[in-house]
Amino acid sequence: MRSLFNFASRDIAIDLGTANTVVYARGVGIISSEPSVVAMETIDGIRKVRAVGDDAKLMLGKTPRNIQTIRPLRSGVIADLEIAEEMIKHFIRKAQGGLTRFSRGPEVVICIPSGATSVERRAIRDAVSNAGADKVSLIEEPMAAAIGAGLPVAEPIGSMVVDIGGGTTEVGVISLQGLAFCRSARVGGDRMDDAIASYVRRNFNLLIGEGTAERVKLEIGSALHPGDGIGLITTVRGRDVSRGMPGEIELNQAQVADALAEPVAQIVEVVRAALEHTQPEIAADVIDQGITMTGGGSLLRGIGTLIQEATGLPVHIADNAMECVALGAGQTLEDRVLRGALMAA
């Protein structure tokens, strides 16, 4: 008798990000967007997955001795292969509605940084295959972002996309379904969080965690100084290093802008360097089309204005900026012809 669980699996596209993983299912669209965090529990010397995604992120910095929260990706690539496989398995199972037995594994399109080495690409491919995928295709993030943002990637028109993720900033100049030039820098949302935490410790002697630094960035973070001098204000709690006791301070938007100055300047420099290497005819198109920004980092207040001032070009923030890469990968999943033309080696 045929097994009741012997179903065809649902093919998916995954934006496997340093901070968040977004999953697109063929014929459905975006079905999941969760933090790239795994909580592992050790019982009698045996490690097992306690939580993945949103549930695991809630545990960051609050776990007992036998539970460890791990982010298996750093700077856009896999840092812990075993934990990455467990995380990918979770997202594949979730895409299949919780079922685990199929006549074949799903076909998976997965996004990679344009600057990933051959070893890093193989690690990503192996992790997805070991997690149960039947076929794995890779697509570079700038191309996926451009497709998801609706840029005319198949036309003889030059387009420029800047994707600021958690671990990397990807800049791609695209024409005729190819990357005419790309530049990847390992600076993004995580570096911004680290910069805020370092600033608070250096100036206020207060130690704060990743979650608090990220909250500050989302609430009052800005690439530009506010016009009124201090801007928005938020309360920050942590541990006073000098007293060893819990402490609380007020942080304003101008201070956070100072904290973020270095990582933001690195992002601007990557964009400028890409423009310097762009072919003249494509550069002429970029003047007309402008620069399109995607990724969670593009939502930082004022960063579009700062890049516009630095380059003299119009800058647009894409709709659904955080999902553009997954949407673009999903479109290649739906269109076999497009997938064949764009898949990375």
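All figures in this text were calculated on a predicted structure; none of them were measured in a lab.

Here is what the cut-offs are and how they apply
- Residues numbered from 1 in each chain as written.
- Predicted model: local features only at pLDDT ≥ 70, side-chain atom pairs only at ≥ 80, totals over all residues.
- Heavy atoms only, no water.
- Domains from an automatic or database assignment.
- Contact = heavy atoms within 4.5 Å.
- Buried area = accessible area lost by both parts, 1.4 Å probe.
- Salt bridge = Lys/Arg side-chain N within 4 Å of Asp/Glu carboxyl O.
- Polar contact = N/O pair within 3.5 Å; in protein donor to acceptor, adjacent residues only side chain to side chain.
- Helix = DSSP H or I, 4+ residues; strand = E, 2+ residues; numbered from the N terminus.
- Nonpolar A, V, L, I, M, F, W, Y, C, P; charged D, E, K, R; others polar.
- Axes fitted to C-alpha atoms, helices over the stretch in contact; angles between N-to-C directions.
- Parallel < 35°, antiparallel > 145°, perpendicular 65-115°, else oblique.
- Left-handed = near helix turned anticlockwise from the far one by under 90°.
- Expected span 1.5 Å × (residues − 1).
- Buried < 20%, exposed > 50% of the residue type's maximum accessible area, 1.4 Å probe, protein only.

Glancing now at the domain arrangement of the protein. Taken domain by domain, the protein comprises domain 1 (39–68), domain 2 (158–187 + 261–321) and domain 3 (189–257). Contacts between the two partners involve 15 residues from domain 2 and, on the opposite side, 16 residues from domain 3. Carbon and sulfur atoms supply 59% of the area that domain 2 and domain 3 bury against each other, a total of about 1,200 Å² over both sides. Three residues stand out in domain 2 for area buried against domain 3, namely Pro263, Leu300 and Arg301, and they jointly supply 47% of the buried area on that side. Scanning the region where domain 2 abuts domain 3 turns up zero salt bridges. At the surface where domain 2 touches domain 3, the tally comes to nine residue pairs in polar contact (both at pLDDT 80 or more). When residues of the side of domain 2 that touches domain 3 are traced back to their parent elements, those giving at least two are helix H7 (253–276) and helix H9 (303–311). Here the element with the most residues in the side of domain 2 that touches domain 3 is H7; it accounts for five residues. Its residues assigned to classes, the side of domain 2 that touches domain 3 shows eight nonpolar, five polar and two charged.

A few words on the packing of H7 against H9. The geometry of a pair of packed helices is captured by two quantities: the angle between their axes and the separation between those axes. It is at 10 Å that the axes of H7 and H9 come closest, and there the two elements cross at 45°. One way to sum up the angle between H7 and H9 is to call them oblique. By crossing handedness, the relation of H7 to H9 is classed as right-handed. In contact with Val264, Ile267, Val268, Val271, Arg272 and Leu275 of H7, H9 contributes Ile303, Leu306, Ile307, Ala310 and Thr311. Counted by class, the contact of H7 with H9 contains nine nonpolar, one polar and one charged residues.

Below, the discussion takes up the packing of helix H2 (residues 81–95) against helix H3 (residues 118–130). One way to put it is that H2 packs onto H3 with a least axis distance of 8 Å and a crossing angle of 50°. By the angle between their axes, H2 is oblique relative to H3. The way H2 lies across H3 gives a crossing that is right-handed. Mapping the contact onto sequence places Leu81, Glu85, Ile88 and Lys89 in H2 and Ala123, Asp126, Ala127, Val128 and Asn130 in H3.

Between the first and last C-alpha of H3 there are 18 Å, a value that for 13 residues agrees with the 18 Å anticipated at 1.5 Å per step. Buried-residue contacts for H3 involve strand S9 (77–78), H2, strand S11 (107–112) and strand S12 (135–140). Just past H3, the residue Gly132 takes up positive phi, approximately 120°.

Under the defined criterion, the tally for this structure stands at 13 salt bridges. A salt bridge links Glu120 to Arg186, with the shortest nitrogen-to-oxygen separation between them at 3.2 Å. Residue Glu120 is located in helix H3, and its partner Arg186 is located in the loop between strand S15 (178–185) and helix H5 (189–204); the two are separated by 66 residues in the primary sequence. A relative accessible area of 18% places Glu120 in the buried class. The partner of Asp193 in a salt bridge is Lys217, and the shortest N-O contact between them spans 3.1 Å. Taken as a pair, Asp193 in helix H5 and Lys217 in helix H6 (residues 210–220) lie far apart in primary sequence, 24 residues in all. Residue class for Lys217 comes out buried when judged on its relative accessible area of 14%. Linked through salt bridges whose partners overlap, the residues forming this network are Asp11, Arg26 and Glu107.

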